[in-house]
Amino acid sequence: MVSTKKVSDYQYLIVGGTTKAATTSLFTYLADHPTVCAASYKETRFFLDKRYPLPSKYRYDADAEVYNLLFSECDENHLRLESTPDYLYCPAACERIATLLPNAKLVFSLREPISRLISWYRFAKQIGKLPQSVGFDDYIDLQFNIATSKGPKETIDPRDTNHEENITHEQHLQTLQQGCYAAYLKQYLQRFGKERIHTLFYEELETQPLNVLEGVCHFASIDKGFYKDYEFKVSNRTETMRNADIHQKYRSFRFQVRQWTHNRPLIHRFLRGMKQAVEPFYLRLNTRPNKSISISEKTQRRLMDYYKHDVRELTELIGRQPPWELFA
């Protein structure tokens, strides 16, 4: 029997948060829950603004019903799950989700902003966006220079989140300002209300995954008992690559395959199984141990001064002190 339900009729749990904050692992854990049905791939990016510098197969363009194509395998009563970290940074996404998905709840995963910058620094090298010779201090200098430039804005200013035109086409150069979480989270709390927004922290998900998932289950009104004996495995860990060019081609190929197979469930499941079997061998061949990142005392102090006001504002906003020792 063909469903007569519209996109707006379903219950949704949308995982946002910040990039490099274990949203892939969180998505995987929730997708395994028997009363949850995940989108056919993790990062749909459906509600992002058209100009947002990330590719997607489907992007909202006046027809919300296209969103249903991402949930073709879901039963009527399943809680529908998707995850797009960059929704946090996109005012258009906030407004579209609020308007088009009246039964949606959102989970935002946040990470201590300086350790997140380090992770992004590793990731930018992993995908070939930064030369291997660029040091972390140089990376931070570059971002501060962009953020304080008097020329045309190239990044999102956290004090000016209503302007989509401030989005750069270089995501790895947005990471300094995108660590100002309160500036972005505020728009969601104002639009959805606290009862539809749940915030969690990467550090606690890493060390206390059961407690964190039980909190998400309570928020989403699903049975927490499923996770009692669950094996929490980390997904999409940032690695140091031996050959960044090969890895960039691998990621591009993987993205294209996912876009083509997401609505072909038999092929999609087969290729996903192959990926799970083959990828560990590939990573063993093309990764090397992560080196410790050298950060000067000047850069660390500069970053702490930059973020301290936002961390205080975040604490007031969510009514909870983040578990970040640097800012305790």
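Conventions we followed
Residues numbered from 1 in each chain as written. Predicted model: local features only at pLDDT ≥ 70, side-chain atom pairs only at ≥ 80, totals over all residues. Heavy atoms only, no water. Disulfide = S-S within 2.5 Å. Axes fitted to C-alpha atoms, helices over the stretch in contact; angles between N-to-C directions. Helix = DSSP H or I, 4+ residues; strand = E, 2+ residues; numbered from the N terminus. Parallel < 35°, antiparallel > 145°, perpendicular 65-115°, else oblique. Left-handed = near helix turned anticlockwise from the far one by under 90°. Contact = heavy atoms within 4.5 Å. Nonpolar A, V, L, I, M, F, W, Y, C, P; charged D, E, K, R; others polar. Expected span 1.5 Å × (residues − 1). Buried < 20%, exposed > 50% of the residue type's maximum accessible area, 1.4 Å probe, protein only. Arc of directions from axis to C-beta. pLDDT = per-residue confidence, 0-100. Pairing = 2+ DSSP bridges. Salt bridge = Lys/Arg side-chain N within 4 Å of Asp/Glu carboxyl O. Phe/Tyr/Trp six-rings, centres within 6.5 Å; stacked < 30°, edge-to-face > 60°. Lys NZ or Arg CZ within 6 Å of the ring centre and 35° of its normal.

Q: Is there a simple way to explain the state of the cysteines in this structure?
A: Throughout this description, disulfide means a covalent bond between two cysteine sulfur atoms. Within the structure shown, the criterion is met by 1 disulfide. For the unlinked cysteine Cys94, the closest cysteine sulfur is that of Cys90, found at 9.1 Å.

Q: Explanation requested: the packing of helix H5 (residues 181-192) against helix H10 (residues 297-318) in the structure shown.
A: Two packed helices can be described by the angle between their axes and the distance between those axes. At a closest axis distance of 8 Å, the pairing of H5 and H10 adopts a crossing angle of 25 degrees. Taken together, the axes of H5 and H10 are roughly parallel relative to one another. As for the relative orientation of H5 and H10, their crossing is left-handed in sense. Counted together, Tyr181, Ala182, Ala183, Leu185, Lys186 and Leu189 of H5 and Asp310, Glu313, Leu314, Leu317 and Ile318 of H10 form the full contact between these two elements. Among the residues making up the contact of H5 with H10, the classes are represented as 8 nonpolar, no polar and 3 charged.

Q: What is the right way to look at helix H7 (residues 209-220) in this model?
A: One full turn of an α-helix is made of 3.6 residues, so residues set three or four places apart face in the same direction. Taking 1.5 Å per residue, 12 residues should reach 16 Å; H7 reaches 16 Å between its end C-alpha atoms and fits that length. Buried within H7 are the following residues: Pro209, Val212, Leu213, Val216, Cys217, Phe219 and Ala220. Angular distribution of buried residues about the axis of H7 spans 160 degrees; they occupy a single face of the element. Close packing links the buried residues of H7 with strand E1 (12-17), helix H1 (23-31), strand E3 (79-83), strand E4 (104-110), strand E5 (197-201) and helix H6 (202-207). Looking at the residues trailing H7, positive phi occurs at Ser221, about 60 degrees.

Q: Which parts of the structure should I look at to understand the confidence of the model for the protein?
A: When pLDDT drops low, the exact placement of atoms in the prediction is not to be read closely. Per-residue confidence for the protein gives a mean pLDDT of 84; residues scoring 70 or more make up 76%. This stretch, residues 150-166, has a pLDDT under 50; its non-local contacts, to residues over four places away or in other chains, come to 40 contacts.

Q: I would appreciate a short explanation of the sheet that holds strand E2 (residues 36-38) in the present structure.
A: Sheets are built from strands paired through backbone hydrogen bonds, the pairs being either parallel or antiparallel. Judged by pairing direction, the sheet is parallel, and its 5 strands sit side by side in the order E2-E3-E1-E4-E5 without closing on themselves. With one partner strand each, in any of the chains shown, E2 and E5 form the two edges of the open sheet. Across the sheet, the axes of successive neighbouring strands diverge by a mean angle of 25 degrees, strand direction being ignored. As judged from the 4 bridges shared by E1 and E3, these two strands associate in the parallel manner. Each bridged residue has a counterpart across the sheet, and for Ile14 the counterpart in E3 is Glu82.

Q: Please clarify how the pattern of salt bridges should be interpreted in this entry.
A: Where side chains of opposite charge bring their charged atoms close, a pairing between them can arise. In total, this model carries 10 salt bridges according to the counting rule given. One salt bridge connects Asp49 with Arg51, and the closest N-O pair in it is separated by 3.4 Å. Across the pair Lys50 and Asp61 runs a salt bridge, and its minimum N-O distance is 3.3 Å. Here Asp61 lies in the loop between E2 and E3 and Lys50 lies in the loop between E2 and E3, a separation of 11 residues in the sequence. Taken as a pair, Lys50 and Asp61 share a single burial class, namely exposed.

Q: Explanation requested: the side chain of Ser25 in the structure shown.
A: By the element assignment, Ser25 lies in helix H1. Excluding residues within four positions of it along the chain, Ser25 makes contact with Lys233, Val234 and Ser235.

Q: Sorry, what's going on with the environment of Asp141 here?
A: Within the secondary structure, Asp141 is located in helix H4 (residues 136-147). Between the C-alpha atom of Asp141 and that of Thr299, which follows or precedes it by 158 residues, the distance is 8.5 Å.

Q: Can you walk me through the packing of aromatic side chains in this structure?
A: Aromatic rings in a pair are described by how distant their centres are and how their planes are angled relative to each other. Under the criterion given, the structure shown has 26 aromatic pairs. The structure contains a cluster of three or more aromatic residues connected by ring pairs, namely Tyr12, Phe46, Phe47, Tyr60, Tyr67, Phe71 and Tyr87. Sitting over the face of the ring of Phe123, Lys20 holds its NZ or CZ atom 4.0 Å from the ring centroid. Above the face of the Tyr10 ring, Arg80 is positioned so that its terminal group lies 3.5 Å from the ring centre.

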